[in-house]
Amino acid sequence: MTLIVRDFSLDDAASVSRVRRAALPYMVTTPEAVAFGVQSANPAKKYRLLIAEKDGEIIGTAHVGIAYDSGEPGQSFVTPHVHPEHRGQGAGALILRAAEEHLTAEGARTVYAWVMDEPESRAFAEKHGYRPTRPAHFQRLDLTNGTLPPLPELPAGVELGTAADFEADPRPMFRADAEATSDEPSDIGADFDDYDDWITHTWNNPLLDRDLSTVVLVDGDVAAFTAAHSDGSTRYMSGMTGTLRAHRGRGFAKLAKTDSLRRARAAGYTEAFTSNDAGNGPMLAINKWFGYEICATEVRHVRTLG
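All chains use their own residue numbering, which begins from 1 and follows the written sequence. The predicted nature of this model means local features are confined to residues of pLDDT at least 70 and side-chain atom pairs, given and counted, to a pLDDT of 80 or more, with totals for whole chains, interfaces and linings taken over all residues. Only hydrogens and water are set aside; all other atoms, that is, all heavy atoms of the structure, feed into the side-chain values.

Q: Tell me about unusual backbone geometry, and please be specific about residues and values.
A: One non-glycine residue, Lys-46, adopts positive backbone phi at about 50°. In DSSP terms, a helix is any run of H or I states spanning at least four residues, a strand is any run of E spanning at least two, and both are numbered starting from the N terminus. Within the secondary structure, Lys-46 is located in the loop between helix H2 (31-39) and strand S2 (48-54). The exposure class of Lys-46 is partly exposed, given its relative accessible area of 37%. Non-glycine residue Asp-219 carries a positive phi angle of around 50°. Burial classification: accessible surface area is computed with a 1.4 Å probe over protein chains only, and a residue below 20% of its type maximum counts as buried, one above 50% as exposed, and the rest as partly exposed.

Listed below in structure tokens is the structure:
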């Protein structure tokens, strides 16, 4: 058996997408999104997509980079994925070592990684010096057989639109995303102030389905939104749902998600996924109200480098 780790090439996109979906079936991914992530990476991210290859077959991958938009320097991330049929063969350890060597060379002091809340995965993380910090829950909703709530009557001054309505000028969506994201619980904070970077990596992401991404407007201004990611076929995922601070407590997150999910079902999507920090009680409660069920849990881990 010959096992090597190398950098991604565009010809690998379909294989990487296949491995990611097998390793983490609760996420939405496509070959186009894989290639986009590499081609659009900010230079400050020092991003590499590493490939584990066994006898010419791609069996594992890892996202590796610097958290360049964090106010705290020296933070970094690595997210290894190994195909379930090829675990226990050394690919995970080899790709993790290559990732840590790259991050150390780029000046990283701490590295964060998501680890599935399973005995084997947690044991692997502990063996390599990672300690757990915070969990997050993947949730699934059956759009084919589940029951979605009806759209309520809208209060005066409230209307629904989509992200597609902002294609001529996405700045209101940027400002809303920045405010909502800044309040999300996370180990790695983000200074969300670079509009051009947001356009490149969020607005132009090929997974972002603007027609399914609902926006709640109050007197013409963005009050809440849900960003929908899709594979263009059957799988839908909530990329982010947020309500601006001035409009919280009015049920707008539920309203945005209700409209978006109904749009997704009408468009033929059969499965909806989402993920929330275990400490985000309000959003977990909203998703439970919709009928989402927790299907897996992952735990953020951290290691000090050097």
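Once the structure has been displayed, the description carries forward.
Q: Residue-level account of the pairing of strand S11 (residues 271-277), with values.
A: The buried fraction of S11 is high, at 6 of 7 residues. Only strands joined by at least two bridges in the DSSP assignment are considered to pair. Bridge analysis of strand S6 (residues 131-142) against S11 gives 7 bridges, and the strand direction is antiparallel. Along S11, the bridge assignment pairs Gln-139 with Thr-274. Pairing geometry for strand S10 (residues 235-243) and S11, over 3 bridges, is parallel. Looking across to S11, one finds that Tyr-236 is bridged to Ala-272. Orient the strands so they point away from the viewer, and a crossover whose first-strand-to-second-strand path over the helix runs clockwise is right-handed. For the crossover from S10 across helix H7 (residues 252-266) to S11, the handedness is right-handed.

Q: Let's hear about the packing of helix H5 (residues 171-182) against helix H6 (residues 195-203): which residues, and what values?
A: Throughout, an axis means a line fitted to C-alpha atoms (over the contacting stretch in the case of helices), and angles, computed between N-to-C directions, take values from 0 to 180 degrees. As a packed pair, H5 and H6 sit with axes 11 Å apart at the nearest point and diverge in direction by 90°. Looking at the two axes, H5 sits roughly perpendicular to H6. Each of Arg-171, Met-173, Phe-174 and Asp-177 in H5 lies in contact with H6, whose residues at this interface are Tyr-195, Trp-198, Thr-202 and Trp-203. Amino acids outside the nonpolar list (Ala, Val, Leu, Ile, Met, Phe, Trp, Tyr, Cys, Pro) and the charged list (Asp, Glu, Lys, Arg) are all regarded as polar, and Gly is one of them. Each residue belonging to the contact of H5 with H6 can be placed in one class, and the counts come to 5 nonpolar, 1 polar and 2 charged. By the definition adopted for this analysis, an angle is roughly parallel if under 35 degrees, roughly antiparallel if over 145, roughly perpendicular if from 65 to 115, and oblique otherwise. The contact rule is simple, with two residues in contact once any of their heavy atoms fall within 4.5 Å.

Q: With reference to specific residues and values, describe the sheet that holds strand S7 (residues 158-162).
A: Within a sheet, neighbouring strands are paired by backbone hydrogen bonds and run either parallel or antiparallel to one another. Within the open sheet, the 12 strands sit side by side as S1-S2-S3-S4-S5-S12-S6-S11-S10-S9-S8-S7. Their pairing is mixed. Because the sheet does not close on itself, it has two edges, and the strands there are strand S1 (3-7) and S7. Geometrically, the sheet is characterised by an average inter-axis angle of 25° between neighbouring strands, direction not taken into account. The sheet contact formed by S6 and strand S12 (residues 293-304) spans 8 bridges and is antiparallel. The partner of Arg-140 across the bridge, within S12, is Glu-293.

Q: I'd like a description of the packing of aromatic side chains, backed by residues and values.
A: In this analysis, rings of Phe, Tyr and Trp, with Trp reduced to its six-membered ring, are considered paired at centre separations within 6.5 Å, and the interplanar angle assigns stacked below 30 degrees, edge-to-face beyond 60, and tilted for intermediate values. Applying the stated rule across the entire model yields 6 aromatic pairs. Taking the centre distance of 5.5 Å and the plane angle of 65° together, the rings of Phe-174 and Trp-198 count as edge-to-face. Separated by 24 residues along the polypeptide, Phe-174 in helix H5 and Trp-198 in helix H6 bring together distant segments of the chain. When sorted by exposure, Phe-174 lands in the same class as Trp-198, which is buried. Where Tyr-195 meets Trp-198, the ring centres are 6.2 Å apart and the plane angle is 20°; that geometry is what we call stacked. With Tyr-195 and Trp-198 both in helix H6, this residue pair falls 3 residues apart, about one helical turn. Grouping residues by exposure puts Tyr-195 and Trp-198 together as buried. An aromatic cluster of at least three residues, connected via ring pairs, comprises Phe-174, Tyr-195, Trp-198 and Trp-203. Criterion for a charge above a ring: Lys NZ or Arg CZ within 6 Å of the ring centre, and within 35 degrees of the ring normal. Lying over the aromatic face of Tyr-195, Arg-171 brings its terminal NZ or CZ to 3.8 Å of the ring centre. Directly above the aromatic system of Trp-289 lies the positively charged group of Lys-254, at a separation of 4.0 Å from the ring centroid.

Q: Tell me about a negative patch on the surface, and please be specific about residues and values.
A: Like-charged residues within 9 Å of one another, or nonpolar side chains (Val, Leu, Ile, Met, Phe, Trp, Tyr) within 5 Å, are grouped into patches, provided each residue has over 30% relative accessible area and no salt bridge. Per-residue and other accessible areas were derived by the Shrake-Rupley procedure at a 1.4 Å probe size, with only the shown protein chains allowed to occlude residues. Criterion for a salt bridge: a side-chain nitrogen of Lys or Arg within 4 Å of a carboxyl oxygen of Asp or Glu. His is not counted, nor are the chain ends; Lys and Arg add positive charge and Asp and Glu add negative charge. Taken as the charge location is NZ of Lys, CZ of Arg, CG of Asp or CD of Glu. A contiguous patch of negative charge on the surface is contributed by Glu-159, Asp-165, Asp-211, Asp-219 and Asp-221. Mapping Asp-165 onto the fold places it in the loop between S7 and H5. Asp-165 gets classed as exposed once you look at its relative accessible area, which sits at 56%.

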